[in-house]
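Residue strings, one per chain:
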Amino acid sequence: MTILVTGAAGYLGNQTVKKLAAMGRPVRALVRKRAKAALRLADVAERVEIVEGDVTRPGSLAPAMRDVSAVIHYVAIAMEKGGQTYESVNYQGTVNVLKAAQSAGVKRFINMSQNGASSELPYRFLASKGRAQEYVAASEMQWTALRPSAIFGPQDEFFNTFARLLKITPLVFPLIGGGKAEFQPVSVYDVVEAVLRCLDDDSTIGAELALGGPEALTLGEIERRVMAAMNTRRLLVPVPVPLLRPAVQVMQALLPGSPVSTSLLDLLAVANTVPDNALVNHFGMAPIPFADEHIQYLNDHSLGDIFAKFLRNATVN
Ligand SMILES: NC(=O)c1ccc[n+]([C@@H]2O[C@H](COP(=O)([O-])OP(=O)(O)OC[C@H]3O[C@@H](n4cnc5c(N)ncnc54)[C@H](OP(=O)(O)O)[C@@H]3O)[C@@H](O)[C@H]2O)c1
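This structure is a prediction, so every number in the text was calculated from the model and none was measured.

Draft legend 1. Spotlight on the overall build of the protein. Helix and strand counts for the protein come out as eleven helices and 13 strands. Rg of the C-alpha trace for the protein: 19 Å, near the compact-globule value of 20 Å for 317 residues, within the 12% margin. Dimensions of the protein, computed from C-alpha atoms along their principal axes, come out at roughly 55 × 40 × 35 Å. Expressed as a percentage of contacts within the protein between residues at least 6 apart in sequence, the contacts between residues at least 24 apart total 76%.

Here it is in structure tokens:
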């Protein structure tokens, strides 16, 4: 039987599809735009079935569910754009995918949630992810939820954004909110490994597993490690979040590929560390650190790619 991966042209999605294909497991990739999938899944195109579907259009999902034994659900947006809202994609999109899976008789559902997601928070992104998981947990599905902290690796949007901005910013660089926000960066390879282990580990059914790297780091430490990996230095200047907000609003309005939004700035107020790390405590893994030898990909940005990303929201890696 086939494993369906939603958001399969996305960052976690394409890595997961490639790994499943390499393991010889039948895999179907649900993508919104075939062109992006053609780029990201080129290496495995012959071994992967690619289907188009939009989680906000329930009718487009049924064909993807044929002969599926498990769904790995990744689709979500971190920034709202056009008609794509947290409510329509993160919450209602998850409801739509789960209902389509149930109608097709699928039993297993791996839901990619988020560390800190909770319907009770005033932050709309985290609240939408929290409500989505509540819906999954209340269903009859054999579900598992994963709750990673910020994920690093080639194609990441968070750490690569610092690298791109550093490359086009001379001398000084903002230390957002004084750099005090805490994260526990976790490698994309560890997250994908955990997802795939869940497929064959029934003890994860009904569990919400938090995933993090081996160390908690402040944003200031992260910015310093990014600079060290890029062999560059800037004077880090603390900038309070309220001061950044107007600049981010302008960026959001003008740049199709704005690297940050005001609702993402809000998230810096929420601790993103993982006290009970399932990578270690459940899977017995030794998580990859956010350290120099593992973050050299931050150097892979040409100026052309950086402007294509910010000005056109192009897929550049
Ligand atoms: N990245 C992290 O640091 C991180 C940390 C914790 C949790 N997570 C969670 O992990 C999951 C995957 O994240 P990611 O970083 O891989 O994100 P991503 O690269 O943005 O991938 C998400 C994919 O969803 C697709 N999508 C968006 N709207 C859609 C729609 N209406 N219908 C169908 N597909 C749609 C996107 O397609 P397009 O490319 O065409 O827009 C994209 O390929 C998300 O649930 C996220 O909340 C991520």
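Now, onward.
Draft legend 2. Broad picture of the site of the ligand. Taken together, 26 residues form the shell around the ligand, and within it G7, G10, Y11, A76 and I151 come nearest. Elements with a contribution of two residues or more to the shell around the ligand: α1 (11-22) and α3 (86-103). With three residues, the top contributor of residues to the shell around the ligand is α1. A per-class count over the shell around the ligand returns 14 nonpolar, seven polar and five charged.

Draft legend 3. Highlighting the nonpolar core. The biggest cluster of nonpolar side chains holds 75 residues, and the ones touching the most others in it are V5, A29, V71 and L211. Residue contributions to this core peak at seven residues, all from α3. Shared between two domains, this core holds at least three residues of each, these being domain 1 (2-148) and domain 2 (158-181 + 215-272 + 288-312). The residues contacting L211, other than those within four sequence positions of it, are L146, R147, P148, V186, V191, A194, V274, N277, A278 and L279.

Draft legend 4. Quick look at the sheet that holds strand β5 (residues 108-112). Spatially, β3-β2-β1-β4-β5-β6-β11 is the arrangement adopted by the seven strands of the open sheet, whose pairing is parallel. Each edge of the sheet is formed by a strand with only one pairing partner; in this case those strands are β3 (49-52) and β11 (208-211). Strand-to-strand twist across the sheet, computed as the mean angle between neighbouring axes with direction ignored, equals 20 degrees.

Draft legend 5. Layout of the pairing of strand β1 (residues 2-6). Most of β1 sits inside the fold, with four of its five residues counted as buried. Inspection of the sheet shows β1 paired to strand β2 (residues 27-31) by four bridges, in the parallel sense. Its bridge partner lying in β2, V5 is registered against A29. You can see the chain leave β1, run along α1 and come back into β2, and the turn it takes is right-handed.

Draft legend 6. Seen up close, the packing of α3 against helix α4 (residues 124-137). In the contact formed by α3 and α4, the axes pass within 8 Å of each other and the chain directions differ by 10 degrees. Taken as axis vectors, α3 and α4 run roughly parallel relative to one another. Considering how the two elements wind past one another, α3 and α4 form a crossing that is right-handed. Listed contacts from α4 to Y86, E87, N90, Y91, T94, V95 and L98 of α3 are R124, F125, S128, K129, R131, A132, Y135 and V136. For the contact of α3 with α4, a count of residues per class yields eight nonpolar, three polar and four charged.

Draft legend 7. The domain arrangement of the protein, seen in detail. What the domain assignment reports for the protein is domain 1 (2-148) and domain 2 (158-181 + 215-272 + 288-312). Averaged C-alpha coordinates put domain 1 and domain 2 at centres separated by 27 Å. Of the residues in the side of domain 1 that touches domain 2, the class split is five nonpolar, two polar and one charged.

Draft legend 8. Broad picture of the environment of N317. Examined against the element boundaries, N317 turns out to sit in the segment after α11 (303-312). Spatially, the C-alpha atoms of N317 and L30 are 19 Å apart, while their sequence positions differ by 287 residues. Residues contacting N317, with those up to four places away along its chain left out, are P154, Q155 and D300.

Draft legend 9. Quick peek at helix α6 (residues 188-199). Taking 1.5 Å of rise per residue, twelve residues should cover 16 Å, and α6 covers 17 Å from first to last C-alpha, within 8% of that figure. Among the residues of α6, D190, V191, V192, A194, V195 and C198 are the ones counted as buried.

Draft legend 10. Quick peek at unusual backbone geometry. Its identity as a non-glycine residue notwithstanding, Q155 has a phi of 85 degrees, on the positive side. If you trace the backbone, Q155 turns up in the loop between β7 (151-152) and α5 (158-167). Taking the C-beta count within 10 Å as the criterion, Q155 has 19 such neighbours and is therefore assigned partly exposed. At N231, a position not held by glycine, the phi torsion is positive, near 55 degrees. Residue position: N231 is located in the loop between α7 (219-229) and β13 (235-239). The exposure class assigned to N231 is exposed, which follows from the 8 C-beta atoms found within 10 Å.

Draft legend 11. Region of the structure containing the environment of F109. Residue placement: F109 occurs in strand β5. Placed 16 residues apart in sequence, F109 and F125 show a C-alpha to C-alpha distance of 21 Å. Discounting chain neighbours no more than four positions away, the residues touching F109 are V71, H73, L98, A101, V136, M141, Q142 and W143.

Cut-offs used in this document
Residues numbered from 1 in each chain as written. Predicted model: local features only at pLDDT ≥ 70, side-chain atom pairs only at ≥ 80, totals over all residues. Helix = DSSP H or I, 4+ residues; strand = E, 2+ residues; numbered from the N terminus. Rg over C-alpha atoms; globule rule 2.2 N^0.38 Å. Contact = placed C-beta atoms within 7 Å. Near = placed C-beta within 6 Å. Nonpolar A, V, L, I, M, F, W, Y, C, P; charged D, E, K, R; others polar. Core = buried A, V, L, I, M, F, W, Y, C linked by C-beta atoms within 7 Å. Buried ≥ 20, exposed ≤ 12 C-beta atoms within 10 Å, placed from the backbone. Domains from an automatic or database assignment. Pairing = 2+ DSSP bridges. Axes fitted to C-alpha atoms, helices over the stretch in contact; angles between N-to-C directions. Right-handed = clockwise from strand over helix to strand, strands pointing away. Parallel < 35°, antiparallel > 145°, perpendicular 65-115°, else oblique. Left-handed = near helix turned anticlockwise from the far one by under 90°. Expected span 1.5 Å × (residues − 1).

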